[in-house]
2 protein chains.
Amino acid sequence: MDNHDTLEAFYRRIWEILDRHYCREAMPTEQFSPPDVLDRQMDIAIPAQGIDTDTLLEKLETLLTYTPNTRQPGYMTTLFGGRVDAAYAGKLVTTMANNAMHTYKAAGAQILVEREVLDFMLKVADLPRGEGAMTPGGTASNFIAMKLAREHAVPGAEMHGWDGRRYRAYTSAASHYAIEAAAGNIGLGERNLVSVPVTTNGKMDVQALAERIHADQQAGFIPFYINATVGTSVLGAIDPVAEIASIARRENLWLHLDAAFGGSLLLSHRMRNRLGCAYGDSLSWDAHKMMGIPLTCSVILIKEKGWLDKAFQAPAQGDYLFQTYPEYNPGRNSNQCARTNDALPLWMALQNLGRDGYEARTERQLALARYAAKRITDHTDMVLYTEPETINVCFRSRHLDSETVCRILDETHGIKLSFARLDHHTYLRLVCVNPDMDKAFIDNLTDKIHYIATQESS
Amino acid sequence: MDNHDTLEAFYRRIWEILDRHYCREAMPTEQFSPPDVLDRQMDIAIPAQGIDTDTLLEKLETLLTYTPNTRQPGYMTTLFGGRVDAAYAGKLVTTMANNAMHTYKAAGAQILVEREVLDFMLKVADLPRGEGAMTPGGTASNFIAMKLAREHAVPGAEMHGWDGRRYRAYTSAASHYAIEAAAGNIGLGERNLVSVPVTTNGKMDVQALAERIHADQQAGFIPFYINATVGTSVLGAIDPVAEIASIARRENLWLHLDAAFGGSLLLSHRMRNRLGCAYGDSLSWDAHKMMGIPLTCSVILIKEKGWLDKAFQAPAQGDYLFQTYPEYNPGRNSNQCARTNDALPLWMALQNLGRDGYEARTERQLALARYAAKRITDHTDMVLYTEPETINVCFRSRHLDSETVCRILDETHGIKLSFARLDHHTYLRLVCVNPDMDKAFIDNLTDKIHYIATQESS
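Residues numbered from 1 in each chain as written. Chains lettered and ligands numbered in written order. Predicted model: local features only at pLDDT ≥ 70, side-chain atom pairs only at ≥ 80, totals over all residues. Heavy atoms only, no water.

In the annotation of an unreviewed UniProt entry, the entry for chain A reads Sulfinoalanine decarboxylase, and the organism field reads Candidatus Kentrum sp. UNK. Of chain A, the UniProt comment under Sequence similarities (unreviewed entry) reads exactly: "Belongs to the group II decarboxylase family." (UniProt positions renumbered as here; feature names shortened; annotations may be inferred.)

Here's what the structure looks like:
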């Protein structure tokens, strides 16, 4: 900012911009432009000499005009959308406070908030003897789970590396690519992660899993880890966790539950017992997906205390950091040294809505998905892939391919919908994740898709 | 928030809180309380029923009262402190916009900002043929570097894992514990990371490095990676990169430069040629450390294009995500799927200050460290460990141990200073990282330490 601005005046102008773009009701999603065109139009080059505040804020507003508005119900391309405002307020506070969450010395009371949130999530997940850690996202949480599984299978692996024997891990073909990434990162190799087929409703085929494990054992591999997905990305399906758990127990394999997406269903009375989360040795849960918390708010929860210590091995170096109140220094069991307080936004939302409020909100999302499925079957020119198990509704038009529908929705209507390949067709994927979504929006969207499909195909 | 609040009114109240705590000049660092005492005092439990806005904001303010204020010059316990306000404004925008940076579809113009910032940093680091990626912090950046090195040494490791042979990596005893963490995470094992001794000025002993590599080769190990530190955590020392590079070249080892702390010195005309950053195959650089950008803003830069593709292996799954404009979808080469735009805060700061402005700022920080060293030698009851090479000044009182000095500064004076073991003494570590720090502050601090030491020891 310029020298003649006061701090308050500068931030007030920023606040006006945020208010206009993100706090009022009627902003459209964005102006659309292909990236190469936009790159030529916008002046975003970094100058040798600083520019004045007016010019900077003008540039910023241009940027925002071409930035999708993730608060709008029309933003449905990711597994998050919309927001709980108390959580966003918490994130604004986190930003301005900018404490590093490795030590009590650096973060003070913020450490206690993180502990409270982790304890709450452990309680909700029915892991009373467990421990947890915040991570920068589901991929990181899933990575840590595989690291714990490695230490379980190869004690001392953190210190000495893999032992030269051939290990195998298992996940379903519908799982998130974070599991593949973890296998590559951890030194197992992506090819040693076996992709187990799914049934047509998107769940892991347990019989196939048992057969693959057996075949691998015969071939001299050592199975050590199974990932079960609680809420797949495309169909929102939940793997048969109890059955998978009995295989894991029999073979002494680590069972990780990737509930990055579906973990929030633990807050639904009706759903939580169907998830089987207490069967897992570890559990990933992203509150930034279904709970309206800003990016990122992800945890790894572990059934038994002590595994984080085993897998992380308190570093020999770093004694200039971890000096006071060792029990209150979460940095020792983290793959981050400096990190923000991602728990505060969730804490604010939980204070504001209460556990009961979140429960009602989750039921509403599930009901909305069922309503959307019904609306789709009412349109005789649309095909529903399968009844939604959670909040994902996959369907297609009989007249127009889903890829074209998505492109037109994006470029002309400011609506971000994704498509996915299922069996031999490409399906539209509608995710009822935004609390501002309502029946009228669903009606409008399905009618719009019907209209686009019939117009374009005629 | 309550139903009777409008969005604007709710956010305005949050804004007033932030203004009071973080935009006015005279706020003290914090009220100090030990964590167990504070835990009993504060009511932070998560309720079943949501609480009203007034109560929530009261709780929030209590939290902030016991949260160290990282903007104050007295906050010196980490390698960041203070702030560039334009960057914080950028982070506030990032928060409210909440775009996921994996695809153009999800993030629009924000993708172009990230590309611009990475291109700028590659240019500054003199890596014109390189590529880069944003990560959630220096530990993650250093991890990716070791992953690239693994793929270089064991082609196909990402797909097939380690090949059963015994590999070794090298770093100095003064390097960040992130390097140890990477060795554990990647499946090499922390014990296969050789800790090379440092000379008394904190730099890697190159002769010792050459000897260790040779001895390991004789013993049947395969050396594959060297980490050189550009700015060590305690002394701010810069390893002799050019000499290390000639060993790395001769033995065909990957040379990574952990410039998480010192990378920002690339913006100093006088320093940049002394760093040797162009010698590295990869470079970590955290803009959230010396550049006043909020947590986290970290990049991994790679000398040659194509390595990120090789090391990440575009996942087979995820086709429901990476659908349009493939060249503008950075998610494929990242260990994060959903992540915030950490580049926007840096872009805002670079627009505001310009490259020249940052250069002046960096020179000022370096000069301040030299001034502090002089002030300390003027106090005959204090011992300077060594002349500062960059912005870290390590010293001790002859009368009182550094640990006690730190405790009194923290609990009584609201000043967060760290101590570190060097040779046979414990030294205070003063980091001139905050742009709001000035000579008067240094004078005051050294006088205060002199006073505490003489009072307590008498």
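Time to look at the interface of chain A and chain B. Contacts between chain A and chain B engage 145 residues on the former and 145 residues on the latter. At the boundary of chain A with chain B, the tally comes to 0 salt bridges. (Contact = heavy atoms within 4.5 Å. Salt bridge = Lys/Arg side-chain N within 4 Å of Asp/Glu carboxyl O.)

Moving on, we get to the sheet that holds strand 4 (residues 222-229) of chain A. Residues and elements named next belong to chain A. Strand order in the open sheet made by the 7 strands is 1-7-6-5-4-2-3, with mixed pairing throughout. The open sheet has two edge strands, strand 1 (131-135) and strand 3 (193-196), and neither has a second partner. Neighbour-to-neighbour, the strand axes of this sheet turn through a mean angle of 20°, independent of strand direction. Examined bridge by bridge, strand 2 (residues 167-172) and strand 3 share 4 bridges and lie parallel to one another. Bridge assignment links Tyr170 to a residue of strand 3, and that residue is Val194. Contacts between helix 10 (residues 206-218) and the sheet are confined to strand 2, strand 3 and strand 4, with strand 2 contributing the most and set at about 165° to the helix. (Pairing = 2+ DSSP bridges. Helix = DSSP H or I, 4+ residues; strand = E, 2+ residues; numbered from the N terminus. Axes fitted to C-alpha atoms, helices over the stretch in contact; angles between N-to-C directions.)

Counting residues in each nonpolar core, the largest one holds 248 residues, and the members touching the most others are Ile226 of chain A together with Ile226 of chain B. When near neighbours in sequence (up to four residues on either side) are disregarded, Ile226 of chain A contacts Tyr170, Met204, Leu209, Ile213, Ile244, Ile247, Ala248, Leu253, Trp254, Leu255 and His256 of chain A. One finds Val154 and Ala157 of chain A together with Ala133 and Trp254 of chain B within the second-largest nonpolar core, a separate group that totals 54 residues. (Core = buried A, V, L, I, M, F, W, Y, C linked by side-chain atoms within 4.5 Å. Buried < 20%, exposed > 50% of the residue type's maximum accessible area, 1.4 Å probe, protein only.)

Right, let's talk about the domain arrangement of chain A for a bit. Along its sequence, chain A is organised into domain 1 (7-66), domain 2 (88-348) and domain 3 (354-457). Here the C-alpha centroids of domain 1 of chain A and domain 2 of chain A sit 37 Å apart. (Domains from an automatic or database assignment.)

In screw terms, the move from chain A to chain B is a rotation of 180° and a rise of 0.0 Å along the axis, fitting with an RMSD of 0.0 Å. In the structure described here, the two chain copies are related by an operation that fits a two-fold rotation axis. Taken as a fraction of all interface residues of chain A, those also at the interface in chain B reach 100%, which identifies the copy contact as same-surface. (Least-squares fit on C-alpha atoms with pLDDT ≥ 70 in both.)

A separate point is the UniProt feature "modified residue: N6-(pyridoxal phosphate)lysine" (unreviewed entry) in chain A. Residues and elements named next belong to chain A. According to UniProt, the feature "modified residue: N6-(pyridoxal phosphate)lysine" (unreviewed entry) maps to Lys289 in the numbering used here. Inspection of the secondary structure puts Lys289 in helix 13 (residues 287-290). Its relative accessible area of 14% is what places Lys289 among the buried residues. Residues within four places of Lys289 in sequence aside, it is in contact with Leu79, Phe80, Ala260, Phe261 and Val433.

Helix length check: helix 3 (residues 53-65) of chain B, at 13 residues, gives a terminal C-alpha distance of 18 Å against a target of 18 Å (1.5 Å per residue), a fit within 8%. Buried within helix 3 of chain B are the following residues: Thr53, Leu56, Leu57, Lys59, Leu60, Leu63 and Leu64 of chain B. Viewed along the axis of helix 3 of chain B, the buried residues span an arc of 155°, placing them on a single side of the element. Buried residues in helix 3 of chain B make contact with helix 4 (85-97), helix 6 (109-124) and helix 15 (343-378) of chain A together with helix 1 (7-23) of chain B. (Expected span 1.5 Å × (residues − 1). Arc of directions from axis to C-beta.)

Attention now goes to the sheet that holds strand 9 (residues 392-397) of chain B. Residue and element names in this part refer to chain B. Sheet architecture is open: 4 strands sit in the order 8-9-11-10, paired in antiparallel fashion. Whereas interior strands pair on both sides, the edge strands pair on one side only; in this sheet they are strand 8 (382-384) and strand 10 (418-422). Neighbour to neighbour, the strand axes of the sheet diverge by 40° on average, direction disregarded.

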